[in-house]
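Okay, here's what each chain looks like letter by letter:
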Amino acid sequence: MTATAGTNATAGETEVALRRRLEAALAPEGAGRPLLLLVEGAAGTGKSYLVHRLTAALPPAVRRMTPEESPPDSGPVLTVVEDVHRARPGVVARLLRLLAEPRTPLACVLSYRPEELAVPGLVLGPATEFPAMLTVVRHVLGPLDVTAVRGMAEDALGADHCTADLVDGLYRASGGVAQTVADLLDDLVARPPVPGQPYSVADRTGTPPRLEALVLRRTAAVPEEHRAVVFAAAVLDEPAASRDLAAVAGLRGQPFHHALVAACRAGVLEARGDGRYGFTSPLAARRGRRPPRRHGARTGGPAPACRPAARRSPARRLGTRGRASSRPR
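Residues numbered from 1 in each chain as written. Predicted model: local features only at pLDDT ≥ 70, side-chain atom pairs only at ≥ 80, totals over all residues. Heavy atoms only, no water.

J.: In this structure, what is going on with the overall build of the protein? I would like to understand it.
T.: From N to C terminus, the protein includes twelve helices and nine strands. For the protein, with 329 residues in total, the buried portion stands at 43%. Taking contacts inside the protein between residues at least 6 apart in sequence as the whole, the part at least 24 apart equals 70%. Within the structure as shown, the protein displays about 17,400 Å² of accessible surface, and the carbon and sulfur contribution to it stands at 52%. (Helix = DSSP H or I, 4+ residues; strand = E, 2+ residues; numbered from the N terminus. Buried < 20%, exposed > 50% of the residue type's maximum accessible area, 1.4 Å probe, protein only. Contact = heavy atoms within 4.5 Å. Areas by Shrake-Rupley, 256 points an atom, 1.4 Å probe, with all protein chains shown as cover.)

J.: Hey, could you run me through the side chain of R103 in this one?
T.: By the element assignment, R103 lies in the loop between α3 (89-100) and β5 (106-112). Within the structure, R103 has its side chain in polar contact with the backbone oxygen of P72 (distance 3.3 Å). Of the polar contacts made by the side chain of R103, one reaches the backbone oxygen of P105; its length is 3.0 Å. (Polar contact = N/O pair within 3.5 Å; in protein donor to acceptor, adjacent residues only side chain to side chain.)

J.: Can you help me understand the environment of A164 in this one?
T.: Looking at the element boundaries, A164 is found in helix α5 (residues 164-174). Residue classification places A164 among the exposed positions, given a relative accessible area of 54%. Residues A164 and R150, 14 residues apart in the sequence, show an inter-C-alpha distance of 8.7 Å.

J.: Would you take a moment to explain unusual backbone geometry for this structure?
T.: Excluding glycine, a negative phi dihedral is what most residues carry, and trans is how most peptide bonds are arranged. Omega for the peptide link from T104 to P105 comes to -5 degrees, which places this bond in the cis form. Counting through the fold element by element, P105 comes out in the loop between α3 and β5. One non-glycine residue, D83, lies in the positive phi region at around 50 degrees. Note that D83 resides in the loop between β4 (77-81) and α3. If you check the backbone angles, D274 has positive phi at about 60 degrees while not being a glycine. Assignment of secondary structure puts D274 in the loop between β8 (270-273) and β9 (276-278). For D274, a relative accessible area of 76% corresponds to the exposed category.

J.: Just checking my understanding: could you explain the pattern of salt bridges for this structure?
T.: Think of it this way: side chains of opposite charge can pair up when their charged atoms draw near. For the structure shown, the criterion picks out 14 salt bridges. Notably, a salt bridge pairs E69 with R63, separated by 3.7 Å at the nearest N-O pair. Relative accessible area serves as the criterion here: at 36%, R63 is assigned to the partly exposed category. Across the pair E212 and R287 runs a salt bridge, and its minimum N-O distance is 2.7 Å. Linking E212 in helix α7 (residues 209-221) with R287 in helix α11 (residues 282-287), this pair joins segments that are 75 residues apart in sequence. Of the residues examined, E212 reaches a relative accessible area of 28% and is grouped as partly exposed. Residue classification places R287 among the partly exposed positions, given a relative accessible area of 23%. (Salt bridge = Lys/Arg side-chain N within 4 Å of Asp/Glu carboxyl O.)

Written out as structure tokens, the structure reads:
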């Protein structure tokens, strides 16, 4: 399998290379090997946008076919299934049959969220297998860098309005997640600043509705007895070592391990390198904090001594009184 993530090529160069692979596989003379292009990326990283750009300009002779359709006897065929992690069992079975004995010319493009696969690492479930005659390319989309965020901001607001502070604020708040950047920019366009004042994300409160729904849905998928680690990560407000998460969550040993695995499996937390775990962005962490209790009960969540403070290290935020227990008080 060929992977295109982690190369030194720019996004534009990578896109051109992927499009050429598709064109070679779909050449009418059938000289190219059948191609399976896997577009992998966490929620909001721009998979659908990339798939559209790659397939929109293909020649008219290419027949676009769904997995439910029977392939024609001749001619180039393109099958695209987005969010294949949500595909019905029948669709997955047809894709497996299509790829088991691929015709030519054929290209199949599957996009998916790795954190939502039913079986981690297996795009089409336990029966995933790629025959030798199939060229398999996996392209992994990650967070945007500052330059890409600036480009999005200039497209939405105009270069004259994109100050260094604005771009830095967008990048930090979003964690480089393309969809969150787009949602923040939509909000800025809808609610421009007072004339004479620069655009800023510092005074914007709340989490974009799309990101809010994602965090709440994934948190709800974590068993209640394991959610303390989610609330602890939100309290710490930045990627933290497992020992810090355990201390804030009030969990030790196997209970903490099971809670961390459950939170990562649900996609609400992720490994951030160097043994640290956290949310995809500060905005996601903000929505991951424990919701207020109803009927006049005091607000749940960690004690004031352990609420996040600016420019404090995770270790200084810890305290025996500030455990983010998921048990009712």
